Amino acid sequence: IYENLEHPRLTLKNTQTGDEVVKILSPEEALDKAQYIDPESGVELEVTESEPYVEWLAENYRSFGTQLEFITNRSQEGSQFVRGFGGIGGLLRYEVPFDEMEEPEEDSDWEDDFGL
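Model, not experiment: these values are computed from the prediction.

Enquirer: What am I meant to see in the pattern of salt bridges here?
Expert: Between side chains of opposite charge, a pair can form when the charged atoms approach closely. Within this structure, the stated rule accounts for 1 salt bridge. In this structure, the salt-bridge partner of R74 is E3, at a minimum N-O distance of 3.4 Å. Taken as a pair, R74 in the loop between α2 (53-60) and α3 (76-85) and E3 in the segment before β1 (8-13) lie far apart in primary sequence, 71 residues in all. With relative accessibility at 30%, the residue E3 sits in the partly exposed group.

Here it is, written out as structure tokens:
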């Protein structure tokens, strides 16, 4: 994550239904009043929590079993990351049990399946 990311993490509550929604907004989106209106009911949402998304990630990333790396834009690669991905990126990995997977059977007429 970009070390100077300015996105707020907001918890918004619908006072009529009690439903809560969490939004991570860009600085421009945070100024848009439409972000604070429930699209289904038209009710204005109350901001119950607001904190920088970078701080929230720094405090909570371990609970997701992840690693957190801060990126600076002072290098060519870091600058490209910030411009290209908006400062938020991730590597998603999971273990694939190849030893449990079966090899596909050899199919002599596979060409027929594709109309070749």
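Enquirer: What should I look at first to understand a nonpolar patch on the surface in this one?
Expert: A cluster of nonpolar side chains, contributed by Y94, V96, F98 and M101, occupies part of the molecular surface with about 500 Å² of accessible area. Structurally, the position occupied by F98 is in the loop between α3 and α4 (110-113).

Enquirer: I tried to follow the nonpolar core on my own but got confused; where do I start?
Expert: It is characteristic of soluble globular proteins that their nonpolar side chains tend to be buried jointly. With 7 residues, the main nonpolar core is built from I1, Y2, L5, Y53, V54, W56 and L57. For V54, the residues in contact, after removing those within four places along its chain, are I1, Y2, E3, L5 and F70. Within the second largest apolar cluster, 5 residues are counted, among which are L10, L12, Y36 and L45.

Enquirer: How do you make sense of the packing of aromatic side chains when you look at a structure like this?
Expert: The geometry of an aromatic ring pair is captured by the separation of the ring centres together with the interplanar angle, meaning the angle of the planes. If you walk through the whole model with that rule in mind, you get 3 aromatic pairs. Here the aromatic rings of Y53 and W56 are separated by 6.2 Å at their centres, their planes lie at 10°, and the arrangement is stacked. Separated by 3 residues within a single helix, Y53 and W56 lie in helix α2, roughly one turn from each other. Aromatic side chains F81 and F85 sit 5.8 Å apart centroid to centroid with 45° between the ring planes, which places their arrangement in the tilted category. Placement of both F81 and F85 in helix α3 is noted, with a separation of 4 residues, approximately one turn of the helix. By relative accessible area, which is 60% here, F85 ends up exposed. The rings of Y53, W56 and F64 are connected pair by pair, giving a single aromatic cluster.

What counts and what doesn't
- Residues numbered from 1 in each chain as written.
- Predicted model: local features only at pLDDT ≥ 70, side-chain atom pairs only at ≥ 80, totals over all residues.
- Heavy atoms only, no water.
- Salt bridge = Lys/Arg side-chain N within 4 Å of Asp/Glu carboxyl O.
- Helix = DSSP H or I, 4+ residues; strand = E, 2+ residues; numbered from the N terminus.
- Buried < 20%, exposed > 50% of the residue type's maximum accessible area, 1.4 Å probe, protein only.
- Patch = residues over 30% accessible without salt bridge, like charges linked within 9 Å, V, L, I, M, F, W, Y side chains within 5 Å.
- Areas by Shrake-Rupley, 256 points an atom, 1.4 Å probe, with all protein chains shown as cover.
- Core = buried A, V, L, I, M, F, W, Y, C linked by side-chain atoms within 4.5 Å.
- Contact = heavy atoms within 4.5 Å.
- Phe/Tyr/Trp six-rings, centres within 6.5 Å; stacked < 30°, edge-to-face > 60°.

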